[in-house]
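The chain contents come next:
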Amino acid sequence: MEESLTPVRSRSRLKDALTGAAIAGAIMFGLCFPILAFRTDQNFSNELYLLSRWPAVAFAVGLVFVLRFTMLLRAPRAARPQAPPSPTLAGALQRLARYAGGAGVLALIAFPLVMVALLGPAGAQKWIDNFGIQILLYVLLGWGLNIVVGLAGLLDLGYVAFYAVGAYAYALLATYFGWSFWLCLPVAGLLAAAFGVALGLPVLRLRGDYLAIVTMAFGEIIRLVLTNWTALTNGDAGISSIPRITFFGWPFIAGPNGFAALFGLKFAPVHRLIFLFYLILALALCVNYLTRRLRKAPLGRAFEALREDEIACRSLGVDTVATKLTAFALGASIAGMAGALFAARQNFVSPTSFTFMESATILALVVLGGAGSQLGVALAAIVIIGGSELLRELDGLKQIFGPAFDPTQYRMLIVGIAMVGMMNWRPRGLIALRTPSIFLKKPKLVVGALAGEGRG
Amino acid sequence: MARDKAPLLIVDQLTMRFGGLCAVDALDFTARGGEITALIGPNGAGKTTLFNCVTGFYRSCAGRIALARPDPDSPGAFRADWREELEELTRSTRRSARLEGGEIFLLERMADFEIVKRAGVARTFQNIRLFRGMTVLENLIVAQHNRLIGPALDLAGRLGFGAYRARERAAIETARFWLDRVGLIDRADEAAGALPYGAQRRLEIARAMATAPTLLCLDEPAAGLNPRESHELTALLLSLRDDHDVSILIIEHDMSVVMAISDHVVVLDHGVKIADGTARDIRQDEAVIKAYLGVADEADIAAMGA
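Within every chain, residues take consecutive numbers counted from 1 along the sequence as written. For naming, the first written chain is A and the first written ligand is 1, with later ones following in the order written. pLDDT decides what is reported in this predicted model: residues at 70 or higher carry local features, side-chain atom pairs at 80 or more are listed and counted, and totals for whole chains, interfaces and linings draw on all residues regardless. Side-chain measures here rest on the full set of heavy atoms in the structure, leaving out hydrogens and waters.

For chain B, an unreviewed UniProt entry supplies the name ABC transporter ATP-binding protein and the organism Methylocella silvestris.

Under an unreviewed UniProt entry, the name given to chain A is Branched-chain amino acid ABC transporter permease, and the organism recorded is Methylocella silvestris. UniProt positions are given in the numbering used here, feature names are shortened, and annotations may be inferred rather than shown by experiment. Quoted straight from UniProt, the Subcellular location (unreviewed entry) entry for chain A says "Cell membrane".

A.B. asks: Break down the overall build of chain A for me, citing the residues and quoting the values.
C.D. replies: The way it works is that DSSP assigns letters per residue, a run of H or I at least four long becomes a helix, a run of E at least two long becomes a strand, and they are numbered from the N terminus. Each helix and strand in chain A was counted, giving 16 helices and 6 strands. Considering only C-alpha atoms, chain A reaches an extent of 85 × 75 × 45 Å along its principal axes. Long-range contacts, defined here as pairs at least 24 residues apart, represent 71% of the contacts in chain A between residues at least 6 apart. Within chain A, the 21 negative side-chain charges are centred at a point lying 10 Å from the centre of the 38 positive side-chain charges. By definition, residues are in contact when any of their heavy atoms lie within 4.5 Å. Neither His nor the chain ends is counted toward charge; the positive residues are Lys and Arg and the negative residues Asp and Glu. One atom stands in for each charge, and that atom is NZ of Lys, CZ of Arg, CG of Asp or CD of Glu.

A.B. asks: Please provide a residue-by-residue account of helix H13 (residues 356–369) of chain A, values included.
C.D. replies: Residues and elements named next belong to chain A. Here the expected length of a helix is defined as 1.5 Å per residue gap, with one fewer gap than residues. Between the first and last C-alpha of H13 there are 20 Å, a value that for 14 residues agrees with the 20 Å anticipated at 1.5 Å per step. Along H13, the residues that are buried comprise Glu358, Ser359, Thr361, Ile362, Leu363, Ala364, Leu365, Val366, Leu368 and Gly369. With its phi angle positive at about 105 degrees, Gly370 sits one or two positions after the end of H13. To sort residues, take the accessible area from a 1.4 Å probe on protein chains only and compare it with the maximum for the residue type: under 20% means buried, over 50% means exposed, and anything in between is partly exposed.

A.B. asks: I'd like a description of the sheet that holds strand S10 (residues 264–269) of chain B, backed by residues and values.
C.D. replies: All names here are of chain B. Pairing within the open sheet is mixed, and its 6 strands lie in the order S7-S8-S9-S3-S10-S11. Strands at the two margins of the open sheet, each flanked by one partner only, are strand S7 (121–123) and strand S11 (272–277). Neighbour-to-neighbour, the strand axes of the sheet open up by a mean angle of 20 degrees, direction not taken into account. When DSSP locates at least two bridges between a pair of strands, those strands are taken to pair. Pairing analysis gives 4 bridges linking strand S3 (residues 36–40) to strand S9 (residues 247–251), with the strands arranged parallel. Opposite Leu39, over in S9, you have Ile251 as the bridge partner. Contacts from helix H1 (residues 47–54) reach S3, S7, strand S8 (215–219), S9 and S10, with the element oriented near 145 degrees to S9. Lines fitted to C-alpha atoms define the axes, with helix axes restricted to the stretch in contact, and inter-axis angles between N-to-C directions lie between 0 and 180 degrees.

A.B. asks: How would you sum up the packing of helix H10 (residues 298–308) of chain A against helix H12 (residues 320–346) of chain A? Please name residues and give values.
C.D. replies: Residues and elements named next belong to chain A. The N-to-C vectors of H10 and H12 enclose an angle of 105 degrees; their axes lie 10 Å apart at closest approach. Compared by their axis directions, H10 and H12 come out roughly perpendicular. When H10 is examined against H12, the residues Leu299, Ala302, Phe303 and Leu306 are found in contact with a partner set consisting of Thr320, Thr323, Lys324, Thr326, Ala327 and Leu330. A class-by-class count of the residues in the contact of H10 with H12 yields 6 nonpolar, 3 polar and 1 charged. Each angle gets one of four labels, with under 35 degrees taken as roughly parallel, over 145 as roughly antiparallel, 65 to 115 as roughly perpendicular, and the rest as oblique. The residue classification treats Ala, Val, Leu, Ile, Met, Phe, Trp, Tyr, Cys and Pro as nonpolar and Asp, Glu, Lys and Arg as charged. All others, Gly included, are polar.

A.B. asks: Can you lay out the side chain of Glu85 of chain B for me, pointing to particular residues and giving the numbers?
C.D. replies: Position of Glu85 of chain B among the secondary structure elements: in helix H2 (residues 83–91). With sequence-adjacent residues up to four places away left out, Glu85 of chain B is seen in contact with Arg79, Leu99 and Ile104 of chain B.

A.B. asks: I'd love a proper account of a nonpolar patch on the surface, names of residues and values included.
C.D. replies: Residue and element names in this part refer to chain A. Within the patch definition used here, like charges are joined within 9 Å and nonpolar side chains (Val, Leu, Ile, Met, Phe, Trp, Tyr) within 5 Å, considering only residues with over 30% relative accessible area and no salt bridge. Accessible surface area values rest on a Shrake-Rupley calculation with a 1.4 Å probe, where residue burial reflects the displayed protein chains alone. Each reported salt bridge corresponds to a side-chain nitrogen of Lys or Arg within 4 Å of a carboxyl oxygen of Asp or Glu. Taken together, Tyr176, Phe177, Trp179, Leu183, Ile221, Val225, Trp229 and Leu232 make up a surface patch of nonpolar side chains, about 820 Å² in accessible area. Of all the elements in the fold, those that place two or more residues in the nonpolar patch are helix H4 (160–177) and helix H6 (208–228). With respect to the element layout, Trp229 can be found in the loop between H6 and helix H7 (230–233). Owing to a relative accessible area of 47%, Trp229 belongs among the partly exposed residues under this scheme.

A.B. asks: Provide a residue-level description of the domain arrangement of chain A, including the pertinent values.
C.D. replies: We note that the domain assignment places domain 1 (7–74) and domain 2 (98–393 + 426–450) within chain A. Those domain boundaries reflect an automatic or database domain assignment. Between the C-alpha centres of domain 1 of chain A and domain 2 of chain A the distance comes to 41 Å.

A.B. asks: For the pairing of S11 of chain B, give the residues involved together with the corresponding values.
C.D. replies: Residues and elements named next belong to chain B. In this sheet, S11 lies alongside S10 in antiparallel orientation, the contact comprising 5 bridges. Following the sheet pairing, Val267 is matched in S11 by Ala275. Taking the residues between adjacent antiparallel strands as the criterion, S10 and S11 are bridged by 2 residues, where His270 takes a positive phi near 50 degrees.

A.B. asks: Please provide a residue-by-residue account of helix H8 (residues 197–209) of chain B, values included.
C.D. replies: Compared with the 18 Å implied by 1.5 Å per residue over 13 residues, the 19 Å span of H8 of chain B between its first and last C-alpha is a close match. Buried residues dominate H8 of chain B, accounting for 11 of its 13 residues. Among all positions of H8 of chain B, only Gly198, Ala199, Gln200, Arg201, Leu203, Glu204, Ile205, Ala206, Arg207, Ala208 and Met209 of chain B are buried. Structurally, H8 of chain B contributes buried residues whose contacts are with helix H11 (310–315) of chain A together with S7, helix H4 (136–143), helix H7 (164–181), S8 and helix H9 (227–243) of chain B.

A.B. asks: If you had to explain the pairing of strand S5 (residues 96–99) of chain B to someone new, which residues and values would you point to?
C.D. replies: The pairing of S5 of chain B with strand S6 (residues 102–106) of chain B spans 4 bridges and is classified as antiparallel. Within S6 of chain B, the residue paired with Leu99 of chain B across the bridge is Gly102 of chain B.

A.B. asks: Mind laying out unusual backbone geometry, listing which residues take part and the relevant values?
C.D. replies: Residue and element names in this part refer to chain B. Of note in this structure, Asp245 is not a glycine but carries a positive phi near 60 degrees. Here Asp245 shows up in the loop between H9 and S9. Residue Asp245 is classed as exposed on the basis of its relative accessible area of 57%. With a phi close to 50 degrees, His270 is a non-glycine residue in the positive phi region.

A.B. asks: So what about the sheet that holds strand S4 (residues 62–70) of chain B? Which residues, and what values?
C.D. replies: All names here are of chain B. Pairing in this open sheet of 5 strands is antiparallel, and the strands run S2-S1-S4-S6-S5 from one edge to the other. Each end of this open sheet is capped by a strand with a single partner; those strands are strand S2 (21–32) and S5. Averaged over all neighbouring strand pairs, the angle between strand axes comes to 15 degrees, with direction disregarded. Across the sheet, H2 lies against strand S1 (7–18), S2, S4, S5 and S6, angled at about 45 degrees from S6, the strand it touches most. Contacts from helix H3 (residues 112–119) reach S4, S5 and S6, with the element oriented near 30 degrees to S4.

A.B. asks: Give me the lowdown on the nonpolar core, citing residues and values where you can.
C.D. replies: Only buried residues count toward a nonpolar core, which is a set of Ala, Val, Leu, Ile, Met, Phe, Trp, Tyr and Cys residues joined through side-chain atoms within 4.5 Å. One finds Ile128, Leu140, Tyr170, Phe181, Leu341 and Val349 of chain A to be the most contacted residues of the largest nonpolar core, which totals 97 residues. Here the element with the most residues in this core is helix H3 (residues 87–151) of chain A; it accounts for 18 residues. Not counting residues up to four positions away in its chain, the partners in contact with Leu341 of chain A are Leu137, Leu140, Phe181, Leu185, Leu276, Leu279, Ile280 and Leu283 of chain A. With 64 residues, the next largest nonpolar core counts Ala122, Val136, Ile205 and Val267 of chain B among its residues.

A.B. asks: Run through the pattern of salt bridges, naming residues and quoting values.
C.D. replies: Two side chains of opposite charge can pair, provided their charged atoms sit close to one another. Under the criterion given, the structure shown has 26 salt bridges over all chains. Of the charged contacts, one joins Glu304 of chain A and Arg307 of chain A as a salt bridge, the two residues approaching to 3.1 Å between their closest N and O atoms. Taken as a pair, Glu304 of chain A and Arg307 of chain A lie in helix H10 at a separation of 3 residues, close to a single helical turn. Glu114 of chain B serves as the salt-bridge partner of Arg95 of chain B, at 2.9 Å between the closest nitrogen and oxygen. Taken together, the positions of Arg95 of chain B in the loop between H2 and S5 and Glu114 of chain B in helix H3 put the pair 19 residues apart, joining distant regions of the chain. Given the relative accessible area of 33%, Arg95 of chain B is considered partly exposed. Under the relative-accessibility criterion, Glu114 of chain B is labelled buried at 15%.

Right under this line is the structure:
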C-alpha cells in the first residue's frame with residue numbers, strides 16, 4: 001500500500017502528521033505545565049522552595065509527540081471504516097469461550113490447593129486472600145452489576161451502595177445481635193434488594209446520563225449516612241471485631257472445638273481463607289448459573305428488550321416498572337451478599353471501603369468485559385484487579401529503576417492506559433458478542449455494535 | 001356480517017394539549033370491528049398524537065377512549081351496541097367492565113402496557129422501533145412476554161423450568177407462524193438491526209401481531225417502502241383483516257395504500273376532524289382536497305382518483 005502512494009500525497013501526509021503531533025505535543029505541554037513542571041518542596045529549615053522539572057516535561061512532551069507522529073503516519077488520514085468483528089473469528093472466540101468457562105472453573109477450584117502445595121500454608125495466605133478472594137468478590141460484584149447495566153441497560157454508578165448495605169448488615173447484625181453468618185447472608189441480600197427497589201422507584205423515569213447521576217448520588221448518600229450516623233455505625237472509625245466466619249458452626253481456631261480438630265488437621269489460619277474462597281466461588285457460580293437461566297426466561301429477555309428500546313417494550317405489554325425494579329433488586333441483592341462476604345473476610349468495615357471509586361471500578365469491569373458477557377466480566381476482573389495486585393509484587397523492578405521506585409504508585413496509571421486502549425480497540429469490551437437466548441435453526445452471534453446501550 | 005361492524009373503538013371529545021399547543025381538539029370518531037380505518041391529514045395534524053393517546057403513551061387532557069374486546073373463543077356472542085354499558089362504566093371509577101362475550105375498556109384510565117396486555121391494542125412506530133441487538137425470533141418472543149411469564153408464583157417458570165417449556169414452545173410456534181406470514185422465516189436467527197429497511201417494517205408488524213391484538217395501530221407502515229413492497233403490505237393488511245380477525249387503525253401518507261385498503265377514512269387537520277367517511281366519499285370531499293392535499297399537489301390527487 002505504501003508503494004502505491006504518490007510522493008506528493010506522502011509528503012502531505014508527513015506534513016499532516018507533523019502538524020498533528022505538534023498539536024498533541026502542545027496540548028501535553030499545556031497539561032504538564034501546571035502539574036509536572038513545578039513542584040514545591042521544603043528545605044531543612046522548613047521553607048518552601050520551587051523545584052522545576054523541565055527534563056520530565058521535555059520527556060513527556062517528546063514521548064507524546066513521537067507516539068502521535070507515528071500513529072498519524074501509519075494510519076491513513078481518512079478514518080478507516082469501522083469493520084465489525086468478523087463472525088467467523090467471533091465464532092472461534094466463542095467456541096474457545098465455551099471451554100474457557102469450564103477450564104476456568106477447574107482452575108479456580110484447584111487454585112487454593114495448588115497455592116498451599118507450592119508455598120505452604122503460611123505462604124499461600126497472601127495469594128488466596130489478595131488474589132483469589134478479592135478477585136472473586138469483584139467477579140461477583142461485576143456479575144451483579146452486569147444484570148443491571150449489561151442486561152437491563154440501566155447505568156448504575158452507585159452500585160457500591162448495595163455492597164455497603166450488605167457489609168454493614170452483616171457487621172451490625174453479627175456484632176449487636178450475634179446473628180450467625182449463614183443467617184446474615186440472605187438477610188444482607190434481601191436488605192440490599194429492598195434498597196435496590198428504594199433506589200429504583202424514584203429513578204424509574206430517568207434514562208442514560210440522568211439515571212447515572214442520580215444513582216451516583218444515591219451511592220454517596222449511603223456512604224455519608226454510614227459516615228455520619230455514628231451512634232449506629234461508629235462513623236469513620238468503622239466496625240471492628242466482626243465475628244469471623246465459621247465452618248457451619250465450627251470456628252477456625254486452634255482449640256479442640258475448631259475446624260482443624262474436627263477434621264484431624266493441623267491448625268493453620270489458611271483454612272479459613274480457603275473456606276471463604278470456596279464459599280464465594282460457590283456463590284459466584286450460583287449467580288452465574290441463575291443469570292444464564294434468566295437470560296433464557298421471559299424476565300431476562302424483557303431486561304434485554306428494555307436495554308434495546310424501552311418504548312417498544314411498553315408497546316408490547318411489558319410492565320417496564322416491574323421489570324426495572326426487578327433488575328435493580330436482583331443486582332442489588334448480589335452486591336448485598338458480596339458485601340456480607342466482604343465483611344466476613346475483613347472482620348472490619350468502614351465507609352472508606354465504599355467510595356465512588358469502587359462503583360467506578362465495578363462498572364469498569366462490566367464495560368471492559370463487554371456488557372452482558374459473563375465470561376468477559378470475569379476476565380476483566382482477573383486482569384484489572386489481579387493485575388493491579390500483581391504490581392504490588394513486582395519488587396524486582398526496584399533493581400532496574402532504583403530503590404525509590406514503587407510500582408504500586410503506577411497502578412492506576414496502567415489501569416487508565418489499559419482502559420483508553422481498550423476503548424480504542426474494542427469499544428464494546430473484551431467479549432462484544434451477544435449470544436441469542438433462543439433460536440430456530442442455528443444460533444448466530446450478534447455483533448455488539450447492534451446492541452443498545454440503554455440510552456433509549 | 002353485521003356483527004363485525006359493531007363499534008370497536010369509540011373516541012369521544014378527545015383533547016390533547018402540549019402547553020399552549022392543542023394537538024388534538026375535541027375529536028370524535030368511531031372505528032368498527034373488522035374494518036381498516038385510516039387516519040390521514042397533513043403533517044402536524046395530530047395523527048400520531050391520537051395514536052399515542054389511544055395506546056397510552058400520552059395521557060389525554062380530556063375525553064374518552066373506549067374499546068371493546070370480544071372474547072376470542074366465542075366470536076359472535078358479543079353485542080353490537082355497548083353504548084349503554086359504556087356510559088355506566090364511565091360513571092364508575094373502574095377501567096373495564098365484563099359484558100357477555102367480551103370486555104369493554106376505558107383506555108384513558110389504563111397504563112400503556114395494560115392497554116396491550118388486557119385490551120389487546122398493539123402498535124408500530126413511525127420510526128421503526130425494533131430490539132436491534134436481539135434476533136428476529138427474540139423480537140417476537142418478547143412480544144409474547146405476558147403469555148410467557150405465566151402466573152406470578154411460578155418461580156420455576158421464571159427461571160425457564162417446568163410449565164414454562166410448554167409455553168415457550170407455543171410462543172415459538174406463534175413466532176414461526178408470523179415470520180412465515182411476513183416472509184422472514186429464513187432470517188429468524190439474524191439480528192433485527194441487520195435486516196434491510198423493508199424487512200424491518202414487516203418484522204415490526206409481525207411483532208405487533210404476536211401480541212394477539214384486537215386492534216392493530218400502524219403508524220405509517222408504508223413509509224420508505226418501494227412500490228412492490230407497499231403492494232405486498234397492502235395484501236398483508238387486507239389478509240390480517242379478513243383472515244385473522246384484526247381491526248386496523250392506520251396512519252398513512254401513501255394515498256394508493258390508503259385508497260386500496262381503507263373501509264373508513266378519518267381526515268384530521270390541525271387536531272380537528274374535517275372529514276369522515278368511506279374512501280370514495282373522502283376522495284370527492286372539497287375540504288379534504290383543499291386542506292390536506294393542497295391544490296397544487298396533483299400527483300396525490302391523481303393517486304386518489306386512481
